[in-house]
Amino acid sequence: MKTSNRRNLALLGVVALMLASVLLFLYLKSSSNQTTTYTESRDLIGRIKQLNAQWETEILKARVAISHNYDPLVTPLTEITNLWERFDTMESNHGRNDSPIWRASHEAYLTAIQEKTRLVEQFKSHNAVLRNSLAFLPTAEDDIQEQLSRLVDEDQLQLQNIATDTYDLLLSSLEFAQVTSDDKAADILVGLNKLGVNKQRLPEQFHRTIDIMSNHIALILREQPVVNRLLENIEAVPVAERLDDITNLLNTDQQRTDAIDQRYHFYMLVFSVLLVLLLVYLAIHLMRSFTVINRVNKALQTANEDLELRVEERTRELKDTQSELLDTARQAGMAEIATNVLHNVGNVLNSVNISADLVTRKLRASKAQGLGKAMQLINEHPGDLGTFLTEDPKGKLLPGYLNQLVDAIALEQQGMTDELSQLTKSVDHIKDIVATQQSYAGANSLMEPLHISELLEDALRMNSGALTRHHVTVVKEYSDVPRVMGDKHRLLLILINLISNAKYAMSDLSNRPRQMTLGVKIVEDKTLQVSVKDDGEGIAEENMTRIFAHGFTTRKEGHGFGLHSCALAAIEMNGHLTAHSDGPGKGALFTLQIPLKTVPEEA
Amino acid sequence: MSPSFPRLLLALLFGLCLSAGAAPLNEALKPLPAVPQQNPLQVELGRQLFNEPRLSVDSSLSCASCHRLENGGADNKAFSIGFAGLPLTINTPSVFNASLNFRQFWNGRADTLETQIHGVVQSPSEMGSNWEHVVQMLSADPAYRTSFANAYPDGVTMNNVQNALATYERTLISANSRFDQYLQGDTDILTLDEKYGYQRFKDYGCIACHQGVNIGGNMFQKFGVMGDYFKTRGNPTEADLGRYLVTKDEEDRNVFKVPSLRNVAVTAPYFHDGSAKTLEEAVDVMFKFQLGRIPSADDKTLIIKFLKTLTGEWGGKPL
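Residues numbered from 1 in each chain as written. Chains lettered and ligands numbered in written order. Predicted model: local features only at pLDDT ≥ 70, side-chain atom pairs only at ≥ 80, totals over all residues.

1. Quick word on the overall build of chain B
Working step 1: Each helix and strand in chain B was counted, giving 13 helices and four strands.
Working step 2: Taken over 319 residues, chain B has a buried fraction of 47%.
Working step 3: Sequence separation of 24 or more characterises 67% of the internal contacts of chain B that already satisfy a separation of 6 or more. (Helix = DSSP H or I, 4+ residues; strand = E, 2+ residues; numbered from the N terminus. Buried ≥ 20, exposed ≤ 12 C-beta atoms within 10 Å, placed from the backbone. Contact = placed C-beta atoms within 7 Å.)

2. Overview of the interface of chain B and chain A
Working step 1: Taken together, the contact pairs 23 residues of chain B with 21 residues of chain A.
Working step 2: With three residues, the top contributor of residues to the side of chain B that touches chain A is strand 1 (residues 220-222) of chain B.
Working step 3: Here the residues of the side of chain B that touches chain A sort into twelve nonpolar, six polar and five charged. (Nonpolar A, V, L, I, M, F, W, Y, C, P; charged D, E, K, R; others polar.)

3. A few points about the packing of helix 14 (residues 488-505) of chain A against helix 15 (residues 562-572) of chain A
All names here are of chain A.
Working step 1: The contact between helix 14 and helix 15 brings their axes to 9 Å, and the two run at 145°. In the crossing of helix 14 with helix 15, the sense of the turn from one axis to the other is left-handed. Contacts from Arg 490, Leu 493, Ile 494, Asn 497, Leu 498 and Asn 501 in helix 14 reach Gly 562, Leu 563, Ser 565, Cys 566, Ala 569, Ala 570 and Glu 572 in helix 15.
Working step 2: Of the residues contributing to the contact of helix 14 with helix 15, the split by class is seven nonpolar, four polar and two charged. (Axes fitted to C-alpha atoms, helices over the stretch in contact; angles between N-to-C directions. Left-handed = near helix turned anticlockwise from the far one by under 90°.)

4. Considering the environment of Gln211(B)
All names here are of chain B.
Working step 1: With respect to the element layout, Gln 211 can be found in the loop between helix 9 (192-203) and strand 1.
Working step 2: Its 27 C-beta neighbours within 10 Å are what place Gln 211 among the buried residues.
Working step 3: When the C-alpha atoms of Gln 211 and Leu 261 are compared, they prove to be 9.0 Å apart, with 50 residues separating the residues in sequence.

5. Digging into the nonpolar core
Working step 1: In terms of nonpolar packing, the biggest core is built from 88 residues, with Phe123(A), Ile220(A) and Ile234(A) touching the most fellow members.
Working step 2: No fewer than three residues from each of domain 1 (40-170) and domain 2 (178-314) of chain B sit in this core.
Working step 3: Setting aside chain neighbours within four positions, we find Phe123(A) in contact with Ile59(A), Val227(A), Leu230(A), Leu231(A) and Ile234(A).
Working step 4: One finds Leu455(A), Met462(A), Ile499(A) and Leu577(A) within the second-largest nonpolar core, a separate group that totals 43 residues. (Core = buried A, V, L, I, M, F, W, Y, C linked by C-beta atoms within 7 Å. Domains from an automatic or database assignment.)

None of the figures reported here should be taken as evidence of function without further support.
And the structure:
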């Protein structure tokens, strides 16, 4: 999803880039200098046309002027040539000259302008001499007339005719200059002939002036049609048309360019729109992405909050569970303690049982029955009691027997009293255990001043039966320990258990005397240390770690509570219980360490 | 009629006279224009090239060999001597004001000064060189290389040599002739005779061809309008064919460019064939074959006096 998105974005970017480059390309294409070239070209052609028209105007002016400056007939051509060079350079730079139509139109123009130039040059030459002769003609005629008027000795009528003929010739010539026609030409020819004839009639001095005039008239006759023809031809030279052709070509070209430009513009528009759309799309995409990011952020935040809530909930649940667990543990502990208590009670009951058994056995085997038999003997001899006591062999033994009986019963009584007091103590212990259980149920430890050695003695005593049975020698290594504040029941619980365990650990021991060492000492003035050491079966390395675990036992009939509850109890007293063994068969050492709280000695 | 009217008229006339005194005259002849603005580096380079004999194949002739500026821009021979020592077939026209001619050469075969230079350098009778040689030779000269590099971005090329020379020639304007001053409004500069001469010049129709800014040089004309000059002169040569050599048009037989009359008094001999040794001769020929008229001796003198006012200055001195 993410990769495809990224790919999409990359694709869009590439597309955008392509669009942009296409736009750039189109821009470059459409903004080529075609249009400016076109405008400039058209302008140049327009100016050439204008100059051409100006040129023609100057030509027409030259036609009527008498003395004329022909420079204006030169300058337009020079300018036209310059402009055309510029146009041609521009066009060839533009690559238009490659087109055959262009070349053809250019050739056509050049041909036309060359032809026109040629004709104009001829016109200039012919027109100059024609104008000169025409201008001179009245003077030439005047010269003749003046000469004629100076002739006095000739035939006046003939002179008059000659003068009229000459004048007519002048008029015809001038008319011919205005209206060049064959009739006029014929008139002039007739006039020239007349002049020629008249020349023969006139004296020698006339010949020069008449020759000059007829020469000039002949020139007019010759040149006027030439000039007219040249003018017609000049007019006919299609320079303007050729220029129009070029303009048309330019226009067509420009139209095509415009069309192309328009197309490019259209493309540009299309591509711009596409680009804009793309950008809009990208923008939307971006916005959407942004929204998505926002949403995801929000969701994340919500999830986070949710998570926090859930964590809180879980924590609460966990706390609840923990407290439940604690409760359960407490209950379990209680049950455990109950078990312990029962166990301990069981232990003590054992002693009670033993004591009761002993008392029962003693009672059953009591020497008091012997007293009954003695009384029976006495009762058989009611009258002769004295005789009997002194005479009868049986009777003679009776008092001694009775004395012995008294001692035996006294002994018996003593033993039973002892046993009963033991029993009472055991019952007291049971009471204590129960009380402990009750106090534990209240989760309170009852700190009371006590002598640890007395506590040890109590514990030994509670196990005394078993210890005696198992022939265990107890070695006591008690340091001088002051009275301390302690939880009697927990301490007792621990000690009974440890002693009991030690005793059990040595139950299989047969090859050497069974010896248990109890130790009490104070470590570093702040810890009370009680140790129970046996030289029994020891603890296997692998069991060391499990030895205090609930339910762990190595004994067949064991419950696995003892050491566990002892360890718990030690911890509850802010102390700890540790075990040490050098290995199986090498005995074990259990050490209880609790903080030392001495009881201040009463003064 | 109000009494003030004559006075008013008088004032008007006086004003007219004043304005006429200062304003340029509107004549068919035009004063010389100012020298056009040119790149001074190119002008100086052109000047050097103009005096550079290495333009000819054997380094014997420069432009200035025939176009002597101190000699009216031409030499005083009917035919200048080419690089090979042989005379040319046509008279050397003045280089002064040549840029104002509408074409170059007698037969107008060159449209521009550059083309004219191109022709002369390669002409087998004039300089006999070729452009490859010229460019190579000029490139070998460090001084020229520097000058060209300064004046033109592309250094020594045929076009640049021609352009430099043409640029220089465009500065060769023989300004400030007395007649020009007259045209510019200083009517007192001419003597009465000279003014009459100018009047005759116009009346006889010289002005029909010799007009414009260069007093000629703006049209072609047949030599021998009113008579066959060449028959009269004899010894027709190829050069006599004139423009025909260029166009091969029968119309153009014996047609030549009308030469400028500027500095005419100092550029003898005259005509394409150098046949007229003096102005008088030249004016005579013109009257006879071009105008078809016979001037009075006085008129001819007046015209010649006028023609002498057309001599301009070069380098601050009259030519």
